Amino acid sequence: MNTHLLAVAGDPSLADFGHDPLWISIIKAVVIFVVLMLGVLFGVWFERKLISRMQNRYGPNRAGKFGLLQSVADGLKMGLKEDLMPRTVDKVIYFIAPVVLAVPAFLAFSVIPMGPIVSMFGVKTPLQLTDLPVAVLLVLAMASIGVYGIVLAGWGSRSPYTILGGLRASAQVVSYEIAMGLSFVGVFLYAGTLSTSEIVASQAGGREVTLGGLTLQLPSWYMVLLIPSFLIYVITMLGETNRVPFDLPEGEGELVGGFQTEYSNSLKFAVIMLAEYVNVFVVSAVSITLFMGGWRAPFPISMWEGANTGWWPLLWFFLKMVLVFSFFIWCRASLPRVRYDQLMALGWKVLIPVNLGWILLVATMKAFQIPGVNRQLILILAGLVLVGCFALWWRFDNVLQKRRDAKAAQVEAEFAQLDAEPAAGGFPVPPLDLPHYHGVARKEVPSGSN
């Protein structure tokens, strides 16, 4: 019996959603909310513990066993602290900005599949709150709305540092969301859908592809099959969540505390930190869903017949989340913060062009798999596009090199002019050819004279 076909047949699809009783949907929503809240508490503890071990420290070890209650104590402290509001802030915007940050992060998790169809209180239901034909676009939309919270927090605080942090965040998220959205295109082309549950189902097993009479067995997970898309997404998810090395909106070195400078360590500050960690969980879950087989067991556990049935997939999904979250912590402990110009140059000059070229290659490979297609025409069109891209790159590279040469020549000419005539720069230059430089004694002034 083919267990692979049985596993695929038991996968949830779009037709399995929208039929749950209302009380089942409420239970799912409450469980997701509670799990994310607890995940933030233990995520903060886990991050502090792991970073401390990397730095040869103990980390939290006083509040509770192994310091497990440290995050609970910090949350209670911020919740019970006096809520100070600066006098000059826009009170409405200042109050709603943390809410705008947090709510979209929780909503984005509603379309993340965490398991197959299971029996919950006697009702057959998928381990997923809901699904849409464009579920991945919903995640991108929620991420875009979340940045309004950062901008509003900076604007409503009416402080130069907070406004700069908010503007940095808006420019950074726009830049990296373009690259993030483009990294999903290869997955859409191979899966043939934007539904998260169906994308997981498309990674159930590798497919065979025939190219030039040669049959190839493709890997099942898109992180291997579409590794450029996966690597680009890994970079963009760090920029999307404002984590090290891309935490420019809250760079304490130049912006004090960034967009959250005017939020004291109170409940509103706790909501901002909650939103940051929930966003980390969301982008981690998206990477698992789109590139790591979703809730499916990794090899060699997948060789077990019951690995992808029942409640076991929930365990595999959780373990993958822990690994991806550990990668975030590893980056924070290892990488320095980049400059802002390096951040923007990486997004616009590297990630987006590489993404476009990779999408062209993936689309060409998919076109070759269409039966009866004119492959010579596809090769000609692909070659023309490549030649056009190379011509554009050569043109812009030449223009940029000419500008660099002109700037270097201008600087060299200015130095030559200043060397010949020191006062030519317009700055007051004291006379350097004084008499005592040539051994002439300075005239002594009598002590009694004025």
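Quick caveat: nothing in here was measured; it's all calculated off a predicted structure. (Residues numbered from 1 in each chain as written. Predicted model: local features only at pLDDT ≥ 70, side-chain atom pairs only at ≥ 80, totals over all residues. Heavy atoms only, no water.)

J.: Can you help me understand the overall build of the protein chain in this one?
T.: The secondary structure content of the protein chain amounts to 15 helices and 4 strands. Counted over contacts in the protein chain with a minimum sequence separation of 6, partners at least 24 positions apart contribute 75%. Carbon and sulfur atoms provide 69% of the accessible area of the protein chain, an area that totals close to 25,100 Å². (Helix = DSSP H or I, 4+ residues; strand = E, 2+ residues; numbered from the N terminus. Contact = heavy atoms within 4.5 Å. Areas by Shrake-Rupley, 256 points an atom, 1.4 Å probe, with all protein chains shown as cover.)

J.: Can you help me understand the environment of proline 133 in this one?
T.: Mapped onto the secondary structure, proline 133 falls in the loop between β2 (123-126) and α5 (135-156). Here the alpha-carbon distance between proline 133 and leucine 194, two residues 61 residues apart in the chain, equals 5.8 Å. Excluding anything up to four places from it in sequence, proline 133 contacts Leu14, Leu194 and Ser195.

J.: Can you walk me through the packing of aromatic side chains in this structure?
T.: The description of two aromatic rings rests on the distance between their centres and on the angle between their planes. Counted under the stated rule, the structure contains 15 aromatic pairs. Members of the aromatic cluster, each reached through a chain of ring pairs, are Phe184, Phe188, Phe230, Tyr233 and Phe291. Over the aromatic face of tyrosine 277 sits the side chain of arginine 243, whose NZ or CZ is 5.6 Å from the ring centroid. (Phe/Tyr/Trp six-rings, centres within 6.5 Å; stacked < 30°, edge-to-face > 60°. Lys NZ or Arg CZ within 6 Å of the ring centre and 35° of its normal.)

J.: I keep staring at helix α13 (residues 312-334) and nothing clicks. Help me out?
T.: Structurally, the α-helix is built with 3.6 residues per turn, so residues lying three or four positions apart point the same way. For α13, which comprises 23 residues, the first-to-last C-alpha distance of 34 Å matches the rise-based estimate of 33 Å (1.5 Å per residue) to within 8%. Those residues of α13 lying buried are Pro313, Trp316, Phe317, Lys320, Met321, Val324, Phe325, Ser326, Phe328, Ile329 and Cys331. (Expected span 1.5 Å × (residues − 1). Buried < 20%, exposed > 50% of the residue type's maximum accessible area, 1.4 Å probe, protein only.)

J.: Teacher, can you tell me more about the pairing of β2 here?
T.: The side chains of a regular strand alternate, residue by residue, between the two faces of the sheet. Sheet analysis places strand β1 (residues 117-120) next to β2, joined by 4 bridges and oriented antiparallel. Paired with isoleucine 117 across the two strands is proline 126, which belongs to β2. Hairpin connection, β1 to β2: the antiparallel pair is bridged by 2 residues, and phenylalanine 121 has positive phi, about 55 degrees. (Pairing = 2+ DSSP bridges.)

J.: I tried to follow the confidence of the model for the protein chain on my own but got confused; where do I start?
T.: For the protein chain, the average pLDDT comes to 85, and 86% of its residues sit at 70 or higher. Note that residues 1-7 has pLDDT below 50 and, in this model, 5 contacts with residues that lie over four places away or in other chains. (pLDDT = per-residue confidence, 0-100.)

J.: I would appreciate a short explanation of the packing of helix α6 (residues 160-183) against helix α14 (residues 340-368) in the present structure.
T.: Packed helices, taken two at a time, are described by the angle between their axes plus the distance between the axes. The geometry of α6 relative to α14 is characterised by a closest axis approach of 8 Å and an angle of 15 degrees between their N-to-C directions. Compared by their axis directions, α6 and α14 come out roughly parallel. Remark: the crossing between α6 and α14 carries left-handed chirality. Taken together, the residues of α14 that come into contact with α6 (itself represented by Leu167, Arg168, Ala171, Gln172, Ser175, Tyr176, Ile178, Ala179, Leu182 and Ser183) are Tyr340, Leu343, Met344, Leu346, Gly347, Trp348, Leu351, Ile352, Asn355, Leu356 and Ile359. The residue makeup of the contact of α6 with α14, split by class, is 15 nonpolar, 5 polar and 1 charged. (Axes fitted to C-alpha atoms, helices over the stretch in contact; angles between N-to-C directions. Parallel < 35°, antiparallel > 145°, perpendicular 65-115°, else oblique. Left-handed = near helix turned anticlockwise from the far one by under 90°. Nonpolar A, V, L, I, M, F, W, Y, C, P; charged D, E, K, R; others polar.)

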